[in-house]
Amino acid sequence: MKELDGGGFLPSTPSSNPNRSWLLAYIPESDQPAVTAAIDEAIRLKKIFDLEHRVVRADGTVGWTLSRAVPLLSADGEIIEWFGAASDISARREAEAAMRESEAKLRQFNQTLEQQIAERTAERDRLWEASPDLLVVIDFDGVFQRVNPAWTTVLGYAPDELVGHHVNEFVVPDDHGKTVDAYETAAAGNQPRIENRYRHKDGSTRTISWVAAPAGGIAYATGRDVTAEREMEARLHDEQDFARLALSAVGGVGVWTYDVASDCFFCDAAISALYALDPERAAAGLPREEFLANVHSQDRSSLQKTMDGGLQRSGDLELEYRLVHPDGSIHWVLSRGHTYFDESGKPVRRTGVGVDMTGQRQLEDQLRQAQKMEAVGQLTGGLAHDFNNLLTGMMGNLELLQMRLERGKLDDAERFIHAAQGAGRRAASLTQRLLAFSRRQTLDPRPTDVNRLIAGVEDLLRRTVGPTTDIEVVGAAGLWPAMIDATQLESAILNLCINARDAMPDGGRITIETANKWLDDRAARARDLSAGQYLSICVTDSGTGMSPATIERAFEPFYTTKPIGKGTGLGLSMIYGFARQSGGQVRIYSELGHGTTICIYLPRYAGDALLGEEEEAIATAATASGQTILVVDDEATIRHLIDEVLDERGYTVIGAADGASGIKVLQSGAKIELLITDVGLPNGMNGRQVADAARSLRPDLKVLFITGYAENAAVGNGHLEPGMELLTKPFTMQGLAAKVAEMMNVGGTS
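Everything in this summary refers to the structure shown in the same document. (Residues numbered from 1 in each chain as written. Predicted model: local features only at pLDDT ≥ 70, side-chain atom pairs only at ≥ 80, totals over all residues. Heavy atoms only, no water.)

**Observations regarding the overall build of the protein**
Then, number 1: The number of helices and strands found in the protein is 22 helices and 26 strands.
Then, number 2: Residue pairs in contact within the protein that sit at least 24 positions apart in sequence constitute 57% of those at least 6 positions apart.
Then, number 3: Surface exposure of the protein reaches about 41,500 Å², of which carbon and sulfur atoms provide 53%. (Helix = DSSP H or I, 4+ residues; strand = E, 2+ residues; numbered from the N terminus. Contact = heavy atoms within 4.5 Å. Areas by Shrake-Rupley, 256 points an atom, 1.4 Å probe, with all protein chains shown as cover.)

This is how it looks when you write it as C-alpha cells:
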C-alpha cells in the first residue's frame, strides 16, 4: 500500500513509508482469507473491488468498513494500481446485528408461546375430557353450547343430545325457576351458585351442585353430582327424627347439640322443659351462658371442667348435675355427649342427650333412708345383745365380789376384779368400733410414714396369723406420708390380716402392698373421692374370696360370715369409718375361689412424716412435784377418778363441773399448770371454748382434751395447737397418768 489517509478511522500510511504488510496490519487474522480471496478475484477479473469486512481501527478496536477500489489499467489493459476509499459502517453493522438478535429472540419467543399455548390447550382438552364433574358452556339464554363427556357418564346423554338444547329441557320442573335465575345472574356479571335436579336418561333424578362464571356473552359452569350426599343427609335427618320420636316416647330424655363456632346450644322440647328454657328460642339456639344459667352454683365448676376437657380430647363424656328451676325446685340431669372434630383436629360440635334423673334420685333417697333405718335396727339390736353380755359379766363379777367381801372371803377377790375389768375393756373396744363406723371417733392424726408403721407391726402380724400363713410386705419406694391416726391404721391393718387368715383355713399367702396413686376425675368418682393424690394400702389373700352379695354388705355393722362367736361383724365397719373420717375410702376387689384384695385409700399429706423419736409416747408416769391441775368435767364420777389417780401421784387437783366454773378458777390467782377438760360440756360452753378462753387468760397453759364422742370441729378438726393433746374415753388410769406426765415434762409451766 503506497499511501492511506485513515481519517481517524484507520491508521494512516504516508507515501514516504509504503506498507507492504498492510493486510496483516489492517485486517483481523480470522477475516484475512476472505479479504484476500476477494482481492484476488478483483485482480483476476480486473473489476471494481467492493467488500464489507472487519478492520482494526486506529484505536486498536475492531470495526466494520465498506472498501471500494477501482483498478487503473495500462494501454495494454494491465492493472497498474488501485485507487479506492474505505467507509466506517461499524454503527450500521452493529444495528443490523442487534436487529438480527432481536428477530431471533422474537422468533424463539413466538415458537415457545405457540408451544405453551398448544400445551395449555391440550391440558384444557384433557381436563375437559377427563373431568368427572359436569363442564358446560352455556349462553345467557340458557342454551347449551358445549358439554364434556362427563354428561354421558353422570346423566346418560351424548353431547349431540344436549348441545343446542335449552337447559330446562333436562331439569325437573320444580327447579326451572332457580335455574333461569342462575343464568340471568351470570348475564349480569355475577357468579351464581345453585343446586338443581336433573332427569337422568334412565328416568331417575340426580342432584347437581353448580358454580358458574360469565365471560363475554357466555358462561362457563362446573357441576358436581351430590345425589349420594343429599340422600345420606336425608337418611340422617330421618334417623334423627326417629330418635327424637323415640326419646320423646321415653319421657324425661331429650337431645341437645353444642355448636363450637357460634358457642350456642340447640335443643328439643324435652331438654327445654328439663332446663326450664323457652322451647322456641332453645330450638333456634341459645348462647352457652344462657343455656346453663340454671345449673346449680355448686355444680358449675365440675361442669365447666368436663366441658373444657371434652373440647380437647375425643370420646364420650358423662356428668350428673343439678338444675335450679325458677320456682326454686331442684332437678337432676344426667348429660351424656360426644365431641366431633374436623380433619385438622379442631372441635366442631358436641351432640348428646339429657336424662331427667330427679325421680330416680328421689327413689334412691327413699331407698337409702329405708336402708338406714334397717341398719339402725340391726345396729341397735346387735349393740344391745353385745352390751347385755358385757354388762352381765361386769355386774355378775361385781355382785359375786360384793358377796365374798360381805362374808370376809378375800382370797380370790382379784379373780372377779380382773373378770369385771376384762368385760369393761371389751365394752370400750366395742364402743370404739361403733364410733369408727359412725365416723365420729376422736382421732389423733399425725403426719405418718405408712411404710415405717407397717414395718413396726410386721412381727405382731406374723405372730397373729400363725405359722401356716406367709406375709409379704411390698412397700413402695418414695411413698407419700399421710395425716392419720397411726393407732387406728395399725388396728385396721391387723383386722384385715386376721380376716385374710380366716379366709385361708388351710394356710396361704397375705401380701401387704403400698403405692402412690394419682386419681383423675373418672378414677376418683369410681371411688367416691375427690381427684388428687392418694396413697393406698392393699391387703391381698389367696383365700376363698367373696361373692358380690357379701361385698355389698361387708361394711354393714354386725354383718359377718364367720361362725357364731368368731367375729363381731364390726371389723370392716371400723376400717370403713376410719378411712372415710380420714378423708379416704375403702374398696373390696374379690372373686369366689380367687382370693380378695381390700385397699384403703388415704389422702397424701404435703409435709414430712414425723421421725420415730417424735412418735414415742412416755409410757410411765413420772413422780410429780406438786403441780396443780384443773379438771373440768360434768360427770362427777370421772372427776373423782381423775382426782384420785393424780392425787396419788402427787398432783394437786381442782375440779369444776362446767366451763363457767372452770373459767372462774382460771381468773383467780391460783397457779394452774395443766387444764384437763371434757369436750362435751353442758350450759352452752364446750371444751374447746373453755380451752380458748383459758389460753386468752394464760397463753402458755397446756390443755388435755378428754372425750368419748365428739365432732372433730370441737377440737379443731384434728389440728390441735401446740401444747394441746387429746385422750379418748374410755381410758385406763395408767394411760391418763402417763399422758399427764408426758405433758408436764415437755416445756415449762404456766
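**Regarding unusual backbone geometry**
Then, number 1: Located in the positive-phi region is Asp263, a residue other than glycine, with phi close to 55°.
Then, number 2: Within the fold, Asp263 resides in the loop between β9 (253–259) and β10 (264–267).
Then, number 3: Of note in this structure, Ala276 is not a glycine but carries a positive phi near 60°.
Then, number 4: With respect to the secondary-structure elements, Ala276 resides in the loop between α7 (269–274) and α8 (279–284).

**Side note on the sheet that holds strand β1 (residues 49–56)**
Then, number 1: Spatial ordering of the open sheet is given by β1-β2-β3, a layout of 3 strands whose pairing is antiparallel. Sheet topology places β1 and β3 (79–88) at the edges, where each strand pairs with a single neighbour. Neighbouring strand axes in the sheet, compared pairwise and without regard to direction, differ in orientation by 30° on average.
Then, number 2: With 9 bridges joining them, strand β2 (residues 62–73) and β3 adopt antiparallel strand pairing. What sits directly across from Ser67, in β3, is Ala86.
Then, number 3: The strands touched by helix α3 (residues 90–130) within the sheet are β1, β2 and β3, with β2 carrying the most contacts at an inclination of about 125°. (Pairing = 2+ DSSP bridges. Axes fitted to C-alpha atoms, helices over the stretch in contact; angles between N-to-C directions.)

**Details of helix α14 (residues 486–502)**
Along an α-helix, a turn takes 3.6 residues, which lines up residues three or four apart on a common side.
Then, number 1: The terminal C-alpha atoms of α14 lie 24 Å apart, and with 17 residues this matches the ideal 24 Å at 1.5 Å per residue to within 8%.
Then, number 2: For α14, every residue scored as buried is listed here: Gln488, Leu489, Ala492, Ile493, Asn495, Leu496, Cys497 and Ala500. (Expected span 1.5 Å × (residues − 1). Buried < 20%, exposed > 50% of the residue type's maximum accessible area, 1.4 Å probe, protein only.)

**Side note on the environment of Val35**
Then, number 1: Within the secondary structure, Val35 sits in helix α2 (residues 32–45).
Then, number 2: Overall, Val35 belongs to the buried group, its relative accessible area being 3%.
Then, number 3: The spacing of Val35 and Arg54 is 19 residues in sequence and 9.3 Å in space, taken between C-alpha atoms.
Then, number 4: Those residues in contact with Val35, other than ones at most four positions away along the chain, are Leu23, Ile27, Phe49, Leu51 and His53.

**What to know about the nonpolar core**
Then, number 1: Core analysis: the biggest nonpolar cluster contains 35 residues, and Val450, Leu489, Ile493, Ile510, Ile512 and Ile600 have the highest contact counts within it.
Then, number 2: Of all the elements in the fold, those that place two or more residues in this core are α13 (450–465), β17 (482–484), α14, β18 (508–519), β19 (532–541), α17 (571–581), β20 (585–590) and β21 (596–603).
Then, number 3: Among the nonpolar cores identified, the runner-up in size contains 24 residues, and Phe144, Tyr157, Phe170 and Ala221 belong to it. (Core = buried A, V, L, I, M, F, W, Y, C linked by side-chain atoms within 4.5 Å.)

**What to know about the pairing of β10**
Regular strands place side chains that alternate from one sheet face to the opposite one.
Then, number 1: Two strands pair when backbone bridges link them, and β9 and β10 are joined in this way by 4 bridges, in the antiparallel orientation. Bridge assignment links Asp259 to a residue of β10, and that residue is Cys264.
Then, number 2: Adjacent in sequence and paired antiparallel, β9 and β10 are bridged by 4 residues, among which Asp263 carries a positive phi angle near 55°.
Then, number 3: Of the strand pairs in this sheet, β10 and strand β11 (residues 286–287) are connected by 2 bridges, and their pairing is antiparallel. Considered in β11, the bridge of Phe265 is made with Leu286.

**A few points about helix α21 (residues 687–697)**
Then, number 1: Those residues of α21 not exposed but buried are Gly687, Arg688, Val690, Ala691, Ala694 and Arg695. Along α21, the residues classed as buried sweep out an arc of 155° about the axis, all on the same side.
Then, number 2: Those residues of α21 that are buried are in contact with α20 (659–667), β24 (674–678), β25 (702–707) and β26 (724–728). (Arc of directions from axis to C-beta.)

**Focus: the state of the cysteines**
Then, number 1: Taken as a whole and assessed by the stated rule, the structure comprises 1 disulfide.
Then, number 2: At a sulfur-sulfur separation of 2.0 Å, the disulfide partner of Cys538 is Cys599. In this structure the cystine formed by Cys538 and Cys599 twists about its S-S bond by roughly 110°; its chirality is therefore right-handed. Of the two residues, Cys538 is situated in strand β19 and Cys599 in strand β21; the sequence distance between them amounts to 61 residues.
Then, number 3: Taking the relative accessible area as the measure of exposure, Cys538 reaches 13% and is therefore buried. (Disulfide = S-S within 2.5 Å.)

**Quick look at the sheet that holds β20**
Two pairing modes exist for strands in a sheet, parallel and antiparallel, and in both the strands are linked by backbone hydrogen bonds.
Then, number 1: A sheet is described by the order of its strands in space; here 5 strands give the open sequence β16-β18-β19-β21-β20, paired in mixed fashion. Every other strand in the sheet has two partners, leaving β16 (469–474) and β20 as the edge strands with one partner each. Between one strand axis and the next, the sheet turns by 20° as a mean value, whatever way the strands run.

**Re the side chain of Arg93**
Then, number 1: The topology assignment puts Arg93 in helix α3.
Then, number 2: Under the relative-accessibility criterion, Arg93 is labelled buried at 17%.
Then, number 3: Those residues in contact with Arg93 that lie beyond four places of it in its chain are Glu52 and Trp64.

**A word on a negative patch on the surface**
Then, number 1: On the surface, a cluster of negative charge is made up of Asp643, Glu644, Asp647 and Glu648.
Then, number 2: As for its placement among the helices and strands, Asp643 is situated in helix α19 (residues 636–648).
Then, number 3: For Asp643, a relative accessible area of 32% corresponds to the partly exposed category. (Patch = residues over 30% accessible without salt bridge, like charges linked within 9 Å, V, L, I, M, F, W, Y side chains within 5 Å. Salt bridge = Lys/Arg side-chain N within 4 Å of Asp/Glu carboxyl O. Lys, Arg positive; Asp, Glu negative; His and termini not counted. Charge placed at Lys NZ, Arg CZ, Asp CG, Glu CD.)

**Examining the side chain of Thr207**
Then, number 1: With respect to the helices, strands and loops of the structure, Thr207 is situated in strand β7 (residues 205–215).
Then, number 2: Those residues in contact with Thr207 that sit more than four places away from it in its chain are Glu195, Asn196, Arg197, Arg224, Asp225, Val226, Thr227 and Arg230.

**Topic: the packing of aromatic side chains**
Then, number 1: Considering all chains together, one arrives at 11 aromatic pairs under this definition.
Then, number 2: Where Tyr258 meets Phe265, the ring centres are 4.8 Å apart and the plane angle is 35°; that geometry is what we call tilted. Note on accessibility: Tyr258 and Phe265 belong to one class, buried.
Then, number 3: Joined through ring pairs, the aromatic side chains of Phe144, Trp151, Tyr157, Phe170, Tyr198 and Trp210 make up one cluster. (Phe/Tyr/Trp six-rings, centres within 6.5 Å; stacked < 30°, edge-to-face > 60°.)

**Thoughts on the pattern of salt bridges**
Then, number 1: For the structure shown, the criterion picks out 32 salt bridges.
Then, number 2: A salt bridge links Arg93 to Glu96; the nearest nitrogen and oxygen atoms lie 3.7 Å apart. Of this pair, Arg93 and Glu96 both sit in helix α3, separated by 3 residues, roughly a single helical turn.
Then, number 3: For Glu96, a relative accessible area of 29% translates into the label partly exposed.
Then, number 4: The partner of Lys671 in a salt bridge is Glu673, and the shortest N-O contact between them spans 3.9 Å.
Then, number 5: Given the relative accessible area of 49%, Lys671 is considered partly exposed.
Then, number 6: Residue Glu673 is classed as buried on the basis of its relative accessible area, which comes to 6%.

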